[in-house]
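An overview of the molecular structure
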Amino acid sequence: MAYTINSGNNILDLFQAIEATLIGAGWSEAVLATNEAKVTDAAVFTGKGSGNDKIYIYLSCHETKDKLLLDSCVGFDTKLGIFEQPGSLQQWLKARGYNSVDIPSFTISTNERYFYWIFVDSYRLIVVARMSVVYESMYLGFLNPIASERQYPYPMYMCGNTHSKGSDWPNNQNGSFIFPENGAGWLRRADGTWRKFTASKPDPSASSDGTIFPYNSHNKKLIPNYKEVDAVNQDNFLLIPIMIQTNNPVDINGLLRGCYWISGTRDIDAERLLVYNGEQYIVFDTKEDRGANTYFAIKLV
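The structure reproduced in this document is the subject of the present report. (Residues numbered from 1 in each chain as written. Predicted model: local features only at pLDDT ≥ 70, side-chain atom pairs only at ≥ 80, totals over all residues. Heavy atoms only, no water.)

A short note on the overall build of the chain
The helix and strand tally for the chain stands at two helices and 19 strands. A total of 301 residues make up the chain; the buried ones form 54% of that total. In the chain, 56% of the contacts between residues at least 6 apart in sequence involve partners at least 24 apart. (Helix = DSSP H or I, 4+ residues; strand = E, 2+ residues; numbered from the N terminus. Buried < 20%, exposed > 50% of the residue type's maximum accessible area, 1.4 Å probe, protein only. Contact = heavy atoms within 4.5 Å.)

Given below as structure tokens:
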């Protein structure tokens, strides 16, 4: 897995950092648009994916002030617009009569320094940005399906911290891909249909059409007892894979790859590195909530 840690001052800086990280990890780029300075600011990136499925993701900050627009498709035809690409959310929404297409987006501060972490492998992209002490994050890529590998097309999950017609930072609501709501998070199921998620922080409902486990469990038994004598010892933390769940029909769609719910939030802090069995994990919060159910960890491979 490739990852980049750096800082920027605007949304184009972030787009260019993602672009460089994806290409450095072996993804290819099809440029869709450039700005007045002839700098690429919209593109479809293709990765080798998993199994027999390649992955195609769309990123654009073309003519946006402080948002990165997100989409995904199952193939890419240079003769078609992004809203016509097969399997894209924009194409799916238009085919169902939506005149105003609203897609997940990632919003950050404008003309103000921020720090970012970019995590890329062959099947997904994760971005975390910090403005002062506020953390925002997005996920764009395949899930690890709850099924035999290669049995059916890989589920695609994309979630920003807002949506294209939603509020800009800092007025956006959800802040993280673990709390998709207000049109910020969508899942493309194995049958090709898209499902909007509603997982309101900090305790999402387990009965909503699209929800996230274990954040929706409301189960304090998931959190182990603290060792009061040695509360900062790393074996005090429990990591549980984050699962995407839909209802109506009920289905466990898959795992967010390399992403974990973490316990022990009384003793944890954002950006901490943990080591388990020789593998590193980095911890992040949602916005600046510091809640018992708002942290997540990303595995560094």
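Still more to cover.
Details of the pairing of strand β15 (residues 239-246)
Alignment of strand β14 (residues 210-213) against β15, held across four bridges, turns out to be antiparallel. Among the inter-strand pairings, Ile-212 is bridged to a residue of β15, identified as Ile-244. As defined by bridge partners, β15 adjoins strand β16 (residues 251-262) across seven bridges and the pair is classed as antiparallel. Bridge pairing in β16 places Thr-246 opposite Asp-251. The hairpin turn running from β15 into β16, its antiparallel successor, is four residues long, and Asn-248 in that turn takes a positive phi close to 55 degrees. (Pairing = 2+ DSSP bridges.)

Considerations on the packing of aromatic side chains
Under the defined criterion, the tally for this structure stands at 16 aromatic pairs. Note on Trp-92 and Trp-186: the rings are 6.3 Å apart at their centroids and 70 degrees apart in plane angle, and the pair reads as edge-to-face. With Trp-92 in helix α2 (residues 89-95) and Trp-186 in strand β12 (residues 185-188), the pair connects residues that are 94 residues apart, well separated along the chain. Taking the relative accessible area as the measure of exposure, Trp-92 reaches 15% and is therefore buried. Taken together through their ring pairs, the aromatic side chains of Tyr-3, Trp-117, Phe-119, Tyr-135, Tyr-139, Tyr-157, Phe-177, Phe-197, Phe-284 and Phe-296 make up a single cluster. Its guanidinium or amino end placed over the ring of Tyr-123, Arg-257 lies 4.0 Å from that ring's centre, counting from NZ or CZ. (Phe/Tyr/Trp six-rings, centres within 6.5 Å; stacked < 30°, edge-to-face > 60°. Lys NZ or Arg CZ within 6 Å of the ring centre and 35° of its normal.)

Comments concerning the pattern of salt bridges
The final tally for this structure, using the stated rule, is eight salt bridges. A salt bridge links Arg-130 to Glu-271, with the shortest nitrogen-to-oxygen separation between them at 2.8 Å. Pair noted here: Arg-130 is in strand β8 (residues 124-131) and Glu-271 is in the loop between β16 and β17 (273-276), with a separation of 141 residues, a long-range link. We note a salt bridge from Glu-279 to Lys-299, for which the minimum N-O separation is 3.3 Å. (Salt bridge = Lys/Arg side-chain N within 4 Å of Asp/Glu carboxyl O.)

Thoughts on the sheet that holds strand β4 (residues 53-60)
Taken together, six strands build an open sheet; the order of strands is β2-β3-β4-β5-β6-β11 and the sheet is antiparallel. Edge strands, defined here as strands with exactly one partner in the open sheet, are β2 (28-34) and β11 (162-163). In the sheet, β2 pairs with strand β3 (residues 40-50) via six bridges, with the strands oriented antiparallel. Pairing of Ala-30 across the sheet is with Val-44, part of β3.

With respect to the nonpolar core
Residues Leu-14, Ile-18, Leu-59, Leu-68, Ile-118 and Leu-125 are the most contacted members of the largest nonpolar core, which totals 46 residues. Counting residues per element, this core draws most heavily on helix α1 (residues 11-24), which supplies six residues. The residues contacting Leu-59, other than those within four sequence positions of it, are Phe-15, Ile-18, Leu-22, Asp-41, Ala-42, Ala-43, Phe-45, Leu-68, Leu-69, Leu-70, Leu-125 and Leu-140. If you look at the next biggest cluster of nonpolar residues, it comprises 28 residues, including Trp-117, Cys-159, Phe-197 and Ile-242. (Core = buried A, V, L, I, M, F, W, Y, C linked by side-chain atoms within 4.5 Å.)

Digging into unusual backbone geometry
Residue Pro-170 is bonded to the preceding Trp-169 through a cis peptide linkage, with omega at 10 degrees. Omega for the peptide link from Lys-201 to Pro-202 comes to 0 degrees, which places this bond in the cis form. Among the structural elements, Pro-202 can be located in the loop between β13 (194-196) and β14. Phi at Glu-63 is positive, roughly 60 degrees, even though this residue is not glycine. Backbone geometry at Glu-271 places phi at a positive 75 degrees, although glycine is not the residue there.

Examining α1
With 14 residues, α1 extends 20 Å from end C-alpha to end C-alpha; this agrees with the ideal 20 Å at 1.5 Å per step. Taking the backbone nitrogen of Leu-12 as reference, a side-chain oxygen 3.1 Å away marks Asn-10 as the first, capping residue of α1. Phi turns positive one or two residues past the end of α1, at Gly-26, with a value near 100 degrees. (Expected span 1.5 Å × (residues − 1). Polar contact = N/O pair within 3.5 Å; in protein donor to acceptor, adjacent residues only side chain to side chain.)

Considerations on the side chain of Arg-124
Residue position: Arg-124 is located in strand β8. For Arg-124, the side chain forms a polar contact with the main-chain oxygen of Arg-257, separated by 3.1 Å. Discounting residues that sit within four places of it in the chain, Arg-124 has contacts with Met-1, Trp-27, Ile-55, Phe-119, Tyr-139, Leu-140, Gly-141, Phe-142, Arg-257 and Gly-258.

Keep in mind these numbers describe shape, not what the thing actually does.
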